[in-house]
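Take a look at the letters that make up each chain.
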Amino acid sequence: MAPIAVGDAIPDGTLSYFDDQDQLQSVSIHSLAAGKKVILFAVPGAFTPTCSMKHVPGFIEKADELKSKGVGEILCVSVNDPFVMKAWAKTYPNNKHVKFLADGSATYTKALGVELDLSEKGLGIRSKRFALLVDNLTVKVANIESGGEFTISGAEEILKAL
């Protein structure tokens, strides 16, 4: 399957997270993105170096600026279980706007066509690193990295497009 691209409608899918009352929740991507401008970005894995030290912090630091430019939601997706995503989110105490969503079986990642097979490294199927700018369910910007790169999917690149 070809990866999601500019002009495509994002597929619906269900991801998981823990709410403020520590209850496990499931949420539809369309319910978060319909009628809004959203950023959907993904990382190969929670707690991994580039993801934890560069990719996620960039969106947390730029969240207010992104929101001021009309972004309604900033969604971080990883092929990890919701317990891992909850623990990872807690490592960012200054985060107010980035939602950490689990795609435990990579179902949504595969629907987007951005799966990355890291089985040789013992990590199984993961997501390519990417950032999408979506407006009312339509992709306006699709910055999908190759390999382990981190050059086009950061918050700065999305800001340039807004």
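Nothing here was measured: the structure is a model prediction, and the numbers come from that model. (Residues numbered from 1 in each chain as written. Predicted model: local features only at pLDDT ≥ 70, side-chain atom pairs only at ≥ 80, totals over all residues. Heavy atoms only, no water.)

A.B. asks: Quick rundown of the overall build of the protein? Include the residues and the values.
C.D. replies: Assigned secondary structure in the protein consists of six helices and nine strands. Taking 15 Å as the expected radius of gyration for a compact globule of 162 residues, we find that the protein reaches 14 Å, a close match to that expectation. Viewed in the frame of its principal axes, the protein has a C-alpha envelope of about 40 × 40 × 25 Å. Of all 162 residues assigned to the protein, the portion counted as buried reaches 46%. Summarising the internal contacts of the protein: among those between residues at least 6 apart in sequence, 63% fall at separations of at least 24. About 7,800 Å² of surface is accessible on the protein, with carbon and sulfur atoms providing 50% of the total. Side chains of the protein carry 17 positive and 19 negative charges; the gap between the two charge centres is 3 Å. (Helix = DSSP H or I, 4+ residues; strand = E, 2+ residues; numbered from the N terminus. Rg over C-alpha atoms; globule rule 2.2 N^0.38 Å. Buried < 20%, exposed > 50% of the residue type's maximum accessible area, 1.4 Å probe, protein only. Contact = heavy atoms within 4.5 Å. Areas by Shrake-Rupley, 256 points an atom, 1.4 Å probe, with all protein chains shown as cover. Lys, Arg positive; Asp, Glu negative; His and termini not counted. Charge placed at Lys NZ, Arg CZ, Asp CG, Glu CD.)

A.B. asks: Let's hear about the environment of Gln 23: which residues, and what values?
C.D. replies: With respect to the helices and strands, Gln 23 occurs in the loop between β1 (14-18) and β2 (24-28). The partly exposed category is assigned to Gln 23, whose relative accessible area is 46%. Taking the C-alpha atoms as reference points, Gln 23 and Pro 44, 21 residues apart in sequence, are found 25 Å from one another.

A.B. asks: Hey, could you go over helix α4 (residues 82-89) for me, with residue numbers and the actual values?
C.D. replies: Listed as buried for α4 are Pro 82, Met 85 and Trp 88. Considered in projection along α4, the buried side chains sweep an arc of 120° and stay on one side of the axis. Looking at the buried residues of α4, the elements they touch are β1, β2, β3 (37-43), α2 (49-61), β4 (71-78) and β5 (98-102). (Arc of directions from axis to C-beta.)

A.B. asks: Lay out the environment of Phe 100 in plain terms, naming residues and giving numbers.
C.D. replies: Along the chain, Phe 100 turns up in strand β5. Judged by relative accessible area, Phe 100 falls into the buried class, the value being 8%. Taking the C-alpha atoms as reference, Phe 100 lies 8.9 Å from Ile 74; in sequence the two are 26 residues apart. With sequence-adjacent residues up to four places away left out, Phe 100 is seen in contact with Ser 16, Tyr 17, Val 56, Cys 76, Met 85, Trp 88, Ala 89, Tyr 92 and Asn 95.

A.B. asks: Residues and numbers for the packing of aromatic side chains, please.
C.D. replies: Using the criterion set out here, one finds six aromatic pairs in the structure. Each ring, one from Phe 18 and one from Phe 83, has its centre 5.0 Å from the other, and the planes form 55°; the classification is tilted. Here Phe 18 is found in strand β1, whereas its partner Phe 83 is found in helix α4, with 65 residues between them in sequence. Residue classification places Phe 18 among the buried residues on the basis of a relative accessible area of 18%. Under the relative-accessibility criterion, Phe 83 is labelled exposed at 53%. Ring centres of Phe 41 and Phe 59 lie 4.1 Å apart, and the angle between their planes is 15°; on these two criteria the pair is classed as stacked. Placement of Phe 41 in strand β3 and of Phe 59 in helix α2 is noted, with a sequence separation of 18 residues between them. Classification of Phe 41 by relative accessible area gives buried; the value is 0%. (Phe/Tyr/Trp six-rings, centres within 6.5 Å; stacked < 30°, edge-to-face > 60°.)

A.B. asks: Tell me what's going on with the side chain of Arg 126, and back it up with residues and numbers.
C.D. replies: With respect to the element layout, Arg 126 can be found in strand β7 (residues 125-127). In this structure the side chain of Arg 126 is engaged in a polar contact, spanning 3.2 Å, whose partner is the backbone oxygen of Pro 44. Here Arg 126 is in contact with Pro 44, Gly 45, Val 79, Asn 80, Thr 109, Val 114, Glu 115, Leu 116 and Leu 118, once residues within four sequence places are set aside. (Polar contact = N/O pair within 3.5 Å; in protein donor to acceptor, adjacent residues only side chain to side chain.)

A.B. asks: Can you tell me about the pattern of salt bridges, naming the residues and giving the values?
C.D. replies: All told, the structure shown has five salt bridges when counted by the stated rule. Across the salt bridge formed by Asp 22 and Lys 86, the nearest N and O atoms sit 3.0 Å from each other. One end of the pair, Asp 22, is in the loop between β1 and β2; the other, Lys 86, is in helix α4, with 64 residues separating them in the sequence. Assessed through its relative accessible area of 41%, Asp 22 is described here as partly exposed. Across the pair Glu 73 and Lys 99 runs a salt bridge, and its minimum N-O distance is 2.5 Å. On the criterion of sequence distance, the pair formed by Glu 73 in strand β4 and Lys 99 in strand β5 is long-range, its members being 26 residues apart. Judged by relative accessible area, which is 9%, Glu 73 ranks as buried. (Salt bridge = Lys/Arg side-chain N within 4 Å of Asp/Glu carboxyl O.)

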